[in-house]
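# Analysis of the macromolecular model
Single-letter residue listing:
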Amino acid sequence: MTKTIRPPSTLSAFLHYVSLNMLAMLGTSCYILADTFFVANGIGEDGLTALNLVLPLFNLMNATGLMIGIGGATKYAIHKARGEQEAGSQIFFHALLLAGVASVVFMLVGLLGADPLCRWLGSDAATHDKMVVYLRTLYCFAPLFLCNQLFAAFVRNDGAPNRVMLGTMLGTLGNIVLDYLFIFPLGMGMLGAVLATACAPLIGITIQSFYFRKPTCQIRVRPCRLRWQMFQPIFLLGGAEWITEVASGIVIFCFNFVVLRKAGNTGVAAYGIIANIALVAACLCTGIAQGVQPLLSRSYGKGDLPEMKKLLRMTICTALGFAAVLYGVLFGFTEPIVRLFNSTGNSTLQAMAETGTRIYFVAFCFVGVNIATSAFFAAVDRPAEAFCISLLRSGVLLLPLVFLFAAVWDMNGVWASYPVAELGTCLVAVCCQVRYWQNQQKQKGKIVEDDG
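Read on for an overview of the structure. Here the structure is a predicted model, which means the values were calculated and not measured.

To continue, consider the overall build of the chain. Regarding its fold elements, the chain presents 14 helices and zero strands. Along its sequence from the N terminus, the chain presents helices and strands in the succession α-α-α-α-α-α-α-α-α-α-α-α-α-α. With the C-alpha coordinates of the chain rotated into their principal frame, the extents come out at 70 × 45 × 45 Å. Across the 452 residues of the chain, 57% fall into the buried class. Within the chain, counting contacts between residues at least 6 apart in sequence, those at least 24 apart form 83% of the total. Computed over 31 positive and 23 negative side-chain charges, the inter-centroid distance for the chain is 9 Å.

Printed below as a string of structure tokens:
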């Protein structure tokens, strides 16, 4: 008598994918957080300031990898759900080619443009050389970062999120060990920090590459004639991810610009602490959204609206629960958390970062909802709504608010601008959700009438 194997429930599949992807994204975000901790304690305030000033350009490279990976993998999952395996393989080939071209561009920018870019980002005599070393080395390793994002997205959408989590966590562990080794015993300074960061995606790629040899792997490289129709969904479905990640860089750049003029390098160092903790939090929110994406794309490919609605509800509830826990921890333990990154015991830096943390992180009541909603629309092949939400987050609301609030309320205004911008975006995101489900209900009613 043969046993009937039941497919996992929506809840168990959700918990499986989301938990593993949150761990993977935690590992990704720890690349920079580990650098922040070791740079702050091994190089000092100038190193921390240099790291934060160059962070937007790390976001840009990471965003490009996410766009190619998530955009291509989302379309791959939709083709796979419909049994269109050949089209899925062609998408992977086009995404791989795009990652190669983008890698060359970043390497050339790093080799030829690091010096002027660092000056444009606000370097001075104390930070310039450190920034140039970090940026030039980072961009020379762009192929590792982009391929790691690409492989992770496709492997996750092929049904192996545990493999992605393992590769990312081992990469992060390697990063932490090498950060300590290069910065303290070997005394390599900023070069050591960035080399440690570059080793993490290499470990991830190695772990994920073994998956392609497994008989269960359905991802194939099928060289074919290049067609714009294959590149288009990568840009459209991954564009929201690109904007979401670049938004973090734009936020950091704008805040650096304003804070540098309001409070100098000490203010930028204080914001550097906040920004890097926020990077981890935002990555975990992204982890929730990316974790559910394969399930949403699969449900969309099958036309299962009730399951799509259930998955979206679970995603938003998880994001809100995470935000509540995050703010509770940060509010209750602000002082010791900030002190971890304040190796010199600078009282001005400590006070500024503590106040900023308590105000800035109110935004995460809305950040998770915004990221989840944007990812939902990308997963169900609605790039226009995903772009709209991501653009609002990337600066359409924030840019005027940060300058206005800084002029009126000084540094407290700078911290408060981010929560207000995310609140405004959240209102738009909720309206987009309501409109989408109303339209789906109308279409369903129309189909019933036609059948009748």
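Still more ground to cover, so stick around.
Any empty space left between atoms is shown by rolling a water-sized probe over those atoms. Within this model, the largest pocket holds a volume of roughly 260 Å³. If you trace the largest pocket, you find 13 residues lining it, with Ile 277, Val 280, Leu 326, Leu 330 and Ile 337 closest to the centre. Elements with a contribution of two residues or more to the lining of the largest pocket: α1 (10-42), α8 (228-302) and α9 (305-332). The calculated volume of the second largest pocket comes to roughly 180 Å³. Along the walls of the second largest pocket sit Pro 56, Leu 57, Leu 60, Trp 120, Leu 121, Val 246, Gly 249, Ile 250 and Phe 253, which together make up its complete lining.

With that settled, consider the pattern of salt bridges. Evaluated as defined, the whole model comprises five salt bridges. For Arg 382, the salt bridge is made with Glu 385, and the minimal N-O distance between the two is 2.6 Å.

Taken together, the side chains of Val 133, Tyr 180, Leu 181, Phe 184, Leu 186, Met 188 and Leu 191 make up a nonpolar region of the molecular surface, amounting to roughly 580 Å² of accessible area. For Phe 184, the location among the structural elements is in the loop between α6 (161-183) and α7 (189-209).

Conventions and cut-offs
- Chains are numbered independently. Their residues run from 1 in the order of the written sequence.
- Note on the predicted model: pLDDT of at least 70 is required for a residue's local features to be given, and 80 or more for side-chain atom pairs to be given and counted; whole-chain, interface and lining totals, by contrast, use all residues.
- Excluding hydrogens and water, the side-chain figures rest on all heavy atoms present in the structure.
- Every helix listed is a DSSP run of H or I at least four residues long, and every strand listed is a run of E at least two residues long, numbered separately from the N terminus.
- Each residue is placed in one exposure class: buried if its accessible area under a 1.4 Å probe, protein chains only, is under 20% of its type's maximum, exposed if it is over 50%, and partly exposed if it falls in between.
- Note on definitions: a residue-residue contact is assigned when non-hydrogen atoms from the two residues lie within 4.5 Å.
- When charges are tallied, Lys and Arg are placed among the positive residues and Asp and Glu among the negative ones, while His and the ends of the chain are skipped.
- Each charge is placed at NZ for Lys, CZ for Arg, CG for Asp and CD for Glu.
- Note on definitions: the grid is 1 Å and covers protein atoms alone; a cavity is a set of points where a 1.4 Å probe fits but cannot get out; a pocket is an open set with protein on both sides within 12 Å along at least five of seven lines; lining residues have an atom within 4 Å of a point.
- Grid points are joined across faces, edges and corners, and a volume is the space filled by probe spheres set on the points.
- One speaks of a salt bridge when a side-chain nitrogen belonging to Lys or Arg is within 4 Å of a carboxyl oxygen belonging to Asp or Glu.
- Patch membership is restricted to residues that have no salt bridge and whose relative accessible area is over 30%. Joining uses 9 Å for like charges and 5 Å for the nonpolar side chains Val, Leu, Ile, Met, Phe, Trp and Tyr.
- Note that accessible areas follow from Shrake-Rupley with a 1.4 Å probe, and for residues the cover is restricted to the protein chains shown.

None of this, on its own, says anything about what the molecule does.
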